[in-house]
Amino acid sequence: MRPISSKAIATLTLATALGLASTAPALGAEGGIRADAVPIPVERPDREAAVEREYVGAKVVSSDNRVSGEVEDIVVENGALRAVIGYGGLLGLGDARVSLPLSDLQMVAQGIARVRISDDQVRRLPRYEG
């Protein structure tokens, strides 16, 4: 059995870093990648899904320590993640929804997100209709 060349080790390291499936069958006799080798993508966790699991359902606490609402959804607008916050209403009826950049929220405990603006400022944000 021939030793694995440093080029093959570098190829395997790069393939691992890129999240490609096993590249061992794709290695040629010289330790490089064969011309006919096709990388097989490995499913990666969806960042938005992970963020959604962390934030959706969290109570939003304002800078004046009032519960300003609850994160109802995470959406993408113009390439940026935004948190949709619902407040008011009863059992989901008649509530208002606003959105703000997700970067304006900070998870401070499980189920609690803090925003750096007052409760009144949260309620004056433009309505979210999406």
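Look a little higher up for the structure.
Residues numbered from 1 in each chain as written. Predicted model: local features only at pLDDT ≥ 70, side-chain atom pairs only at ≥ 80, totals over all residues. Heavy atoms only, no water.

With that out of the way, let us pick up the environment of Arg-66. Mapped onto the fold, Arg-66 is located in the loop between β1 (59–61) and β2 (67–77). Sequence separation between Arg-66 and Ser-118 is 52 residues, and the spatial gap between their C-alpha atoms is 8.0 Å. Other than its neighbours up to four places away in sequence, Arg-66 contacts Val-60, Val-61 and Asp-119. (Helix = DSSP H or I, 4+ residues; strand = E, 2+ residues; numbered from the N terminus. Contact = heavy atoms within 4.5 Å.)

Note that β1 and β2 share three bridges and pair antiparallel. Paired with Lys-59 across the strands is Glu-70, a residue of β2. Connecting β1 to the antiparallel partner β2 that follows it, the hairpin turn spans five residues, and Asn-65 within it adopts a positive phi of roughly 60°. Taken together, the seven bridges between β2 and strand β3 (residues 80–87) define a ladder with antiparallel strand orientation. (Pairing = 2+ DSSP bridges.)

Considering the arrangement of structural elements, one finds Ser-99 in strand β4 (residues 96–101). Take Ser-99: its relative accessible area is 9%, and that puts it in the buried class. The contacts of Ser-99, once residues within four sequence positions are left out, are Glu-77, Arg-82, Ala-83, Val-84, Leu-125, Pro-126 and Tyr-128. (Buried < 20%, exposed > 50% of the residue type's maximum accessible area, 1.4 Å probe, protein only.)

Attention shifts here to the pairing of strand β5 (residues 105–109). As judged from the four bridges shared by β5 and strand β6 (residues 112–115), these two strands associate in the antiparallel manner. Pairing of Met-107 across the sheet is with Ala-113, part of β6.

With that out of the way, let us pick up the nonpolar core. Membership of the largest hydrophobic core comes to 19 residues, with the highest contact counts inside it found for Tyr-55, Val-71, Ile-74, Leu-102 and Leu-105. Listing elements by their share of this core, those giving two or more residues are α2 (47–55), β2, β3, β4, β5 and β6. In terms of residue count, β3 provides more of this core than any other element does, four residues in total. Setting aside anything within four residues of it in sequence, one finds Leu-105 in contact with Tyr-55, Val-60, Val-71, Ala-83, Ala-113, Arg-114 and Val-115. (Core = buried A, V, L, I, M, F, W, Y, C linked by side-chain atoms within 4.5 Å.)

Pairing within the open sheet is mixed, and its six strands lie in the order β4-β3-β2-β1-β6-β5. The outermost strands of the open sheet, each flanked by one partner alone, are β4 and β5. Averaged over neighbouring strand pairs, the angle between their axes works out to 40° when direction is ignored. (Axes fitted to C-alpha atoms, helices over the stretch in contact; angles between N-to-C directions.)

Okay, the pattern of salt bridges next. What the rule picks out here adds up to seven salt bridges. For the salt bridge of Arg-116 with Asp-104, the shortest nitrogen-to-oxygen distance reads 3.7 Å. Note that Arg-116 is positioned in the loop between β6 and α3 (119–123) and Asp-104 in the loop between β4 and β5, a separation of 12 residues in sequence. Members of the salt-bridge network, linked through shared partners, are Arg-66, Asp-119 and Arg-123. (Salt bridge = Lys/Arg side-chain N within 4 Å of Asp/Glu carboxyl O.)

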